[in-house]
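A look at the structure
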Amino acid sequence: LARVLSGIQPTADSFHLGNYLGAIRQYVALQDTHEAFFFIADLHALTVAPKPDELRRRTRIAAAQLFGAGLDPERAAVFAQSHVREHSELAWYLICQTGMGEAGRMTQFKDKSARYGESSASVGLFTYPILQAADILIYQADQVPVGVDQKQHLELSRDLAQRFNSRYGQTFKVPSPYILKEVEKITDLQDPTAKMSKSSSSPQGILDVLEEPNVLRKKIMRAVTDTGSDVVADEENKPGVTNLLRILSALTGTPIPELETRFAGQGYGTFKKEVAEAVIETFSPIRERTEKLLADEAELDRMLVAGAARARKVARETMEQVRERLGLLPTS
Ligand code: ATP
Ligand code: MG
């Protein structure tokens with residue numbers, strides 16, 4: 001069975017439609033066909049120094065949403081990244097294999113650090129793609145389901161795997177990204193050329209999985225559309241309408257050309273109403289299950305601990321090899 005691995009950050013009180021279509025929905029499908037490892041990237045969230053209570057709350061909310069969206073602890077290992085301490089250990093080894101220039105080319109750092117000012121952004125934010133490489137390589141993952149924003153980081157993971165293998169001998173599998181073209185970048189409703197993002201979208205621009213139906217409906221009805229009134233996909237001139245078409249198509253399984261024909265001559269209103277209903281229909285059951293799971297924190301914590309135990313078994317195997325290859329002495 002091929003292996004898949006992916007992580008998602010607990011950086012907000014809800015996941016959003018981009019996370020759902022670009023990542024979580026794939027996770028749920030892949031657990032049936034692959035050996036699957038999915039983690040809540042709490043170590044990555046630390047790069048922006050969240051308040052401890054906030055991190056705890058968001059990590060549980062993230063876990064509940066993953067289970068609520070359909071991840072099954074029997075089929076997939078679902079865990080908190082910090083629980084498998086080998087991730088941090090491998091990150092250090094890989095940091096020592098990474099050039100400053102190479103790390104400096106990561107565009108997410110440039111985007112994210114701009115918010116704090118490059119000199120006050122943490123070193124962790126700078127090295128986070130290398131921790132991400134460790135996350136992936138430690139499980140010998142074949143495929144990594146992500147949105148297109150992670151493509152550059154995946155390239156770095158591949159480079160680091162190849163470099164380590166050629167310096168120290170075959171150790172890591174070289175992973176491939178698993179990016180679905182149709183949903184690789186869901187954009188912000190108010191700024192349809194920017195990616196929908198937990199930490200940079202405005203409340204009006206983002207569709208949260210845990211949001212009330214009425215709020216979702218309002219946001220979609222107020223989404224920035226483009227001049228004209230035709231419902232047609234045109235990335236250049238109609239990025240707003242194109243994003244909504246992509247969303248409706250992904251949620252209903254109807255190809256975009258068919259949607260264009262269906263909504264011809266009907267204007268944006270009818271179209272947006274249908275997008276809203278599709279989003280609400282998808283999110284409502286997830287929200288209900290998430291709320292139930294959050295009502296029993298002790299059980300949720302136990303589920304994560306069990307997931308980590310499964311993941312750790314695989315991680316430890318890799319690390320024994322890595323330490324030996326690097327020339328570190330045996331620990332026992
Ligand atoms: P943050 O702003 O804190 O980085 P985020 O919204 O980018 O949050 P992440 O936790 O970084 O979310 O990413 C989780 C997964 O969701 C990744 O696989 C990422 O590629 C995917 N993803 C994030 N935003 C989008 C989007 N707008 N469209 C498609 N996929 C997305
Ligand atoms: Mg992100």
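Computed from a prediction, not measured in an experiment: that's the story for all the values here.

**Comments concerning the packing of helix α3 (residues 52-68) against helix α12 (residues 267-294)**
Running from N to C, α3 and α12 point in directions that differ by 130 degrees, and their axes come no closer than 8 Å. If you check the angle between α3 and α12, you find them oblique. Where α3 crosses over α12, the two elements pack in a sense that is right-handed. Taken together, the residues of α12 that come into contact with α3 (itself represented by R60, I61, A64, Q65, F67 and G68) are I286, R289, T290, L293 and L294. Among the residues forming the contact of α3 with α12, the class breakdown is 6 nonpolar, 3 polar and 2 charged.

**Topic: the site of ligand 1**
Lining the immediate surroundings of ligand 1 are 20 residues, of which Q9, G18, G22, G147 and S199 lie closest. Counting residues per element, the shell around ligand 1 draws most heavily on helix α1 (residues 17-30), at 4 residues. Considered class by class, the residues forming the shell around ligand 1 number 6 nonpolar, 10 polar and 4 charged.

**Focus on the domain arrangement of the protein chain**
Looking at the assigned domains, one finds that the protein chain contains domain 1 (3-179 + 297-326) and domain 2 (203-291). On a C-alpha basis, the centres of domain 1 and domain 2 stand 30 Å from each other. Of the residues lining the interface, 10 residues belong to domain 1; the matching set on domain 2 comes to 12 residues. Sorting the residues of the side of domain 1 that touches domain 2 by element identifies α1 and α3 as the ones contributing at least two each. Taken together, the residues that form the side of domain 1 that touches domain 2 break down as 6 nonpolar, 4 polar and no charged.

**Focus on the nonpolar core**
By size, the foremost hydrophobic cluster in this structure holds 92 residues, and its most contacted members are F38, L66, V78, F79, A134 and V279. Mapped onto the domain boundaries, this core takes at least three residues apiece from domain 1 (3-179 + 297-326) and domain 2 (203-291). For L66, the residues in contact, after removing those within four places along its chain, are I24, F38, L71 and V78.

**Here we look at the packing of α3 against helix α13 (residues 297-326)**
For the pair α3 and α13, the least separation of the axes is 10 Å and the interaxial angle reads 75 degrees. When the axes of α3 and α13 are compared, the pair comes out roughly perpendicular. Along its contact with α3, which presents R60, A63, A64 and F67, the element α13 presents E297, L300, M303 and L304.

**A look at the pairing of strand β3 (residues 76-80)**
Each regular strand carries side chains that alternate between the two faces of the sheet. Of all 5 residues in β3, 5 are buried; the element is thus mostly enclosed. Residues A76, V78 and A80 line one face of β3 and the alternating positions A77 and F79 line the opposite face, and both faces are buried. Looking at chain direction, strand β2 (residues 35-40) and β3 are connected through 5 bridges and run parallel. Following the sheet pairing, F38 is matched in β3 by V78.

**Considerations on unusual backbone geometry**
The backbone of A49 shows a phi angle near 45 degrees, a positive value even though the residue is not glycine. Of note in the backbone geometry, Q140 takes a positive phi value of approximately 55 degrees without being a glycine. Its location among the elements puts Q140 in the loop between α7 (123-137) and β4 (143-145). Q140 sits in the partly exposed class, given 18 other C-beta atoms within 10 Å.

Analysis parameters
Residues numbered from 1 in each chain as written. Chains lettered and ligands numbered in written order. Predicted model: local features only at pLDDT ≥ 70, side-chain atom pairs only at ≥ 80, totals over all residues. Axes fitted to C-alpha atoms, helices over the stretch in contact; angles between N-to-C directions. Helix = DSSP H or I, 4+ residues; strand = E, 2+ residues; numbered from the N terminus. Parallel < 35°, antiparallel > 145°, perpendicular 65-115°, else oblique. Left-handed = near helix turned anticlockwise from the far one by under 90°. Contact = placed C-beta atoms within 7 Å. Nonpolar A, V, L, I, M, F, W, Y, C, P; charged D, E, K, R; others polar. Near = placed C-beta within 6 Å. Domains from an automatic or database assignment. Core = buried A, V, L, I, M, F, W, Y, C linked by C-beta atoms within 7 Å. Buried ≥ 20, exposed ≤ 12 C-beta atoms within 10 Å, placed from the backbone. Pairing = 2+ DSSP bridges.

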